[in-house]
Amino acid sequence: MTDVTFESLGVAEPILRALAAENYTTPTPIQTRAIPALMSGKDLLGIAQTGTGKTAAFGIPLLQKLSIGHIPPQPRQAKALILAPTRELAVQIEEALRTYGRHLNLKMTVILGGVNQNTQVKNMAKGVDILVATPGRLLDLVQQKHINLSAVNTFIVDEADRMLDMGFIRDVRKLVAMLPRERQSMLFSATMPDDIVKLTHDMLRQPERIEVAPQGKTADRVEQKMYFVPTQQKRQLLSELLKDVSLNKVIVFTRTKHGANKVAEHLSRTGVVAEAIHGNKSQNARQRALDLFKTGKARVLVATDIAARGIDVDYITHVINFELPNEPESYVHRIGRTARAGTEGIAISFCDASERSYLRDIERIIRMKIELVAHDLPELTAEQRQQQEEPRRPHGHNRGGHGKPGGHKGGGHKPGGRDGLPHGDPHAPAKRNGSRPHWQRGKDKKRESAA
Ligand code: AMP
């Protein structure tokens, strides 16, 4: 294979210099394919997760296009519009574009909700080359006539599937309808649900389709492990794991904002510097938490899915799913926070009895079984065990009563799932044999009925 370089892709000198300063020596696969297609003026459908280098894949051709024969923007107008589902992602995209475009003289700004609009209105007054925005606030400012979209010649929707999940798709459609028909458009999405397919038909013209990781496929370089652990022991297990200093930069995911606060408080109490990031925090507090984490001042960032969406922090060593997500796609997004741009990462998940069905859904979409690891936590007290096993115990049968830590036993289960299947000795060696009973459902079902 001949070596593809940014230069051979036709990237202009000032951008090459900026990329070299960032140590981007080789284009990633999506960049190799997207850059020439976009430079030739084509529309693009990119099926790719974060971590693939997609920001530079659309950012480099965009910067180059805008810098050629540059004419200053008109008041309140933008030449390029990039929509992102979350504030963090919007900020991150703009930061990346500033970095790649630092030797170009282009104006950019970010429009996002959750903060006062005055500065944003002021930033748009003279117009910009590139506007990065979350849909709701943008629509609001357009309706107030602070922003005029009639000069947009390049339009990019990033993380479209997340837009859909977050209920923004209608706003996106409204914005599309306001754009000039003559434009270059791109859409990026990790998955392609029907509504996104429909949106691509409406907003892209004969797009180049680039798929860098098959739909729903987990980032290959992430090593994934699973602990079956009772809810009450999750914090303890987390603290145990964090005794290992190789867990150097860790994102811990919870399902709820409250849960994120509680875990961060627990960690802080035990001497681990942790910050929480979630939707109930002000934009400034979120950014501060993210900065502390990025700069290594906080070792752990505890996050909910939405807040963590698109977070791009280099060298995250571990992702810990303190709670499994109820949407299996979120699992893929979560673990994609580690192992970015060629580095390796580890994802560790905690699964309690109530989460077994989530696990089943996750394994279905990643099309693999996650390696089960045994833990050595002390036994639960009788009271804890009772709480853990309560509502779902089938037939009143005491399956968990083997005198071993309850979490491994899947105490409390829904029929037909992995739950409640005999899980073998919880203290068995950590590797594949530990996981066997869960994967080989057929056999286990037989064993279960024999039990
Ligand atoms: P993205 O998928 O755009 O969020 O990018 C993921 C990470 O990869 C970011 O931290 C980028 O800075 C980094 N990155 C993107 N392109 C390259 C490249 N060609 N070489 C090295 N790192 C890259």
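If you're wondering where the values come from, they're calculated on a predicted model, not measured in any experiment.

**Some remarks on the overall build of the chain**
Here is step 1: When you go through the chain residue by residue, the secondary structure sums to 18 helices and 14 strands.
Here is step 2: Here the chain holds 451 residues, and 54% of them are scored as buried.
Here is step 3: For the chain, restricting intrachain contacts to residue pairs at least 6 apart in sequence, the fraction spanning at least 24 positions comes to 73%.

**Some thoughts on helix α4 (residues 87–100)**
Here is step 1: With 14 residues, α4 should cover 20 Å at 1.5 Å per step; its first-to-last C-alpha distance of 20 Å lies within 8% of that length.
Here is step 2: Judged by how many residues are buried, α4 sits mostly within the fold: 10 of 14 residues are covered.
Here is step 3: Taken together, the buried positions of α4 are occupied by E88, L89, A90, V91, Q92, I93, E94, A96, L97 and Y100.

**What about the nonpolar core?**
Here is step 1: Counting 39 residues, the largest nonpolar core has V11, F58, I60, L63, I82, I93 and I130 as its most contacted members.
Here is step 2: Mapped onto this core, the elements with two or more residues apiece are α1 (13–21), α2 (29–39), α3 (54–67), β2 (78–83), α4, β3 (108–111), β4 (128–133) and β6 (184–189).
Here is step 3: Dropping the residues within four chain positions of it, V11 is found in contact with F6, L16, L19, I35, M39, I60 and Q64.
Here is step 4: Formed by 34 residues, the second largest nonpolar core is a distinct cluster that contains I47, L131, I147 and L199.

**Things to note about the sheet that holds strand β12 (residues 318–321)**
Here is step 1: Pairing is parallel in the open sheet, where 7 strands are placed in the order β10-β11-β9-β12-β13-β8-β14. The open sheet has two edge strands, β10 (274–277) and β14 (371–373), and neither has a second partner. For this sheet the average axis-to-axis angle between neighbouring strands, irrespective of direction, equals 25°.
Here is step 2: Alignment of β12 against strand β13 (residues 345–351), held across 4 bridges, turns out to be parallel. Within β13, the position partnered with N321 by the bridge is S349.

**Let's talk about the pairing of β12**
Here is step 1: Of the two faces of β12, the one lined by H318 and I320 and the one lined by V319 and N321 are each fully buried.
Here is step 2: In the sheet, strand β9 (residues 250–253) pairs with β12 via 4 bridges, with the strands oriented parallel. Among the inter-strand pairings, I251 is bridged to a residue of β12, identified as V319.

**Details of the environment of K145**
Here is step 1: Along the chain, the position of K145 falls in the loop between α6 (135–143) and β5 (154–157).
Here is step 2: A C-alpha to C-alpha distance of 9.8 Å links K145 and V121, two positions 24 residues apart in sequence.

**Quick word on the site of the ligand**
Here is step 1: The environment of the ligand is made up of 16 residues, and the closest members are Y24, Q31, G51, G53 and T55.
Here is step 2: Within the complex, 87% of the 500 Å² of free accessible area of the ligand lies under protein.
Here is step 3: For the shell around the ligand, the per-class residue count stands at 4 nonpolar, 8 polar and 4 charged.
Here is step 4: Here the shell around the ligand gathers at least three residues from each of two domains, domain 1 (13–211) and domain 2 (222–375).

**Overview of the packing of aromatic side chains**
Here is step 1: Following the criterion strictly, the structure yields 4 aromatic pairs and no others.
Here is step 2: Chaining the aromatic ring pairs together yields one cluster made of Y227, F322 and F350.
Here is step 3: A cation over a ring is seen here: K234 above F322, with NZ or CZ 5.8 Å from the ring centre.
Here is step 4: The cationic tip of K249 hangs over the ring face of F293; the distance from NZ or CZ to the ring centre is 6.0 Å.

**Quick look at the pattern of salt bridges**
Here is step 1: Going through the model one piece at a time under the given rule, you end up with 22 salt bridges.
Here is step 2: E208 serves as the salt-bridge partner of K42, at 3.3 Å between the closest nitrogen and oxygen. Pair noted here: K42 is in the loop between α2 and β1 (44–47) and E208 is in strand β7 (residues 208–211), with a separation of 166 residues, a long-range link.
Here is step 3: The partner of R98 in a salt bridge is E94, and the shortest N-O contact between them spans 2.6 Å. Taken together, the positions of R98 and E94, both in helix α4 and 4 residues apart, correspond to about one turn of that helix.
Here is step 4: The class for R98 is partly exposed, based on a relative accessible area of 41%.
Here is step 5: Since its relative accessible area comes to 10%, E94 is described here as buried.
Here is step 6: Among the charged side chains, a network of salt bridges with common partners joins K234, R255, D352 and E355.

**Quick notes on the environment of K107**
Here is step 1: Counting through the fold element by element, K107 comes out in the loop between α4 and β3.
Here is step 2: With residues up to four places along the chain from it excluded, the contact list for K107 reads K126, G127, V128, D129 and I130.
Here is step 3: A polar atom in the side chain of K107 sits 3.3 Å from the backbone oxygen of G127.

**Remarks on the packing of helix α10 (residues 234–242) against helix α11 (residues 257–269)**
Here is step 1: For the pair α10 and α11, the least separation of the axes is 11 Å and the interaxial angle reads 50°. What the angle tells us is that α10 and α11 run oblique. Both α10 and α11 take part in a crossing whose hand is right-handed. Within the contact between the two elements, α10 uses R235, L238, S239 and L242 and α11 uses K262, V263, H266, L267 and R269.

**Re the confidence of the model for the chain**
Here is step 1: Per-chain confidence: the chain averages 82 in pLDDT, with 80% of residues scoring 70 or above.
Here is step 2: In this model, residues 388–451 is a region of pLDDT below 50 whose contacts with residues beyond four sequence positions or in other chains number 136 contacts.

**Topic: the sheet that holds β2**
Here is step 1: Overall, parallel pairing links the 7 strands, which are arranged β3-β4-β2-β5-β6-β1-β7 in an open sheet. The sheet terminates laterally at β3 and β7, the two strands that pair on one side only. Neighbour-to-neighbour, the strand axes of the sheet open up by a mean angle of 15°, direction not taken into account.
Here is step 2: With 4 bridges joining them, β2 and β5 adopt parallel strand pairing. Residue pairing in the sheet places A80 in a bridge with T154 of β5.

Quick notes on the rules
- Residues numbered from 1 in each chain as written.
- Predicted model: local features only at pLDDT ≥ 70, side-chain atom pairs only at ≥ 80, totals over all residues.
- Heavy atoms only, no water.
- Helix = DSSP H or I, 4+ residues; strand = E, 2+ residues; numbered from the N terminus.
- Buried < 20%, exposed > 50% of the residue type's maximum accessible area, 1.4 Å probe, protein only.
- Contact = heavy atoms within 4.5 Å.
- Expected span 1.5 Å × (residues − 1).
- Core = buried A, V, L, I, M, F, W, Y, C linked by side-chain atoms within 4.5 Å.
- Pairing = 2+ DSSP bridges.
- Axes fitted to C-alpha atoms, helices over the stretch in contact; angles between N-to-C directions.
- Near = heavy atom within 4 Å.
- Areas by Shrake-Rupley, 256 points an atom, 1.4 Å probe, with all protein chains shown as cover.
- Nonpolar A, V, L, I, M, F, W, Y, C, P; charged D, E, K, R; others polar.
- Domains from an automatic or database assignment.
- Phe/Tyr/Trp six-rings, centres within 6.5 Å; stacked < 30°, edge-to-face > 60°.
- Lys NZ or Arg CZ within 6 Å of the ring centre and 35° of its normal.
- Salt bridge = Lys/Arg side-chain N within 4 Å of Asp/Glu carboxyl O.
- Polar contact = N/O pair within 3.5 Å; in protein donor to acceptor, adjacent residues only side chain to side chain.
- Parallel < 35°, antiparallel > 145°, perpendicular 65-115°, else oblique.
- Left-handed = near helix turned anticlockwise from the far one by under 90°.
- pLDDT = per-residue confidence, 0-100.

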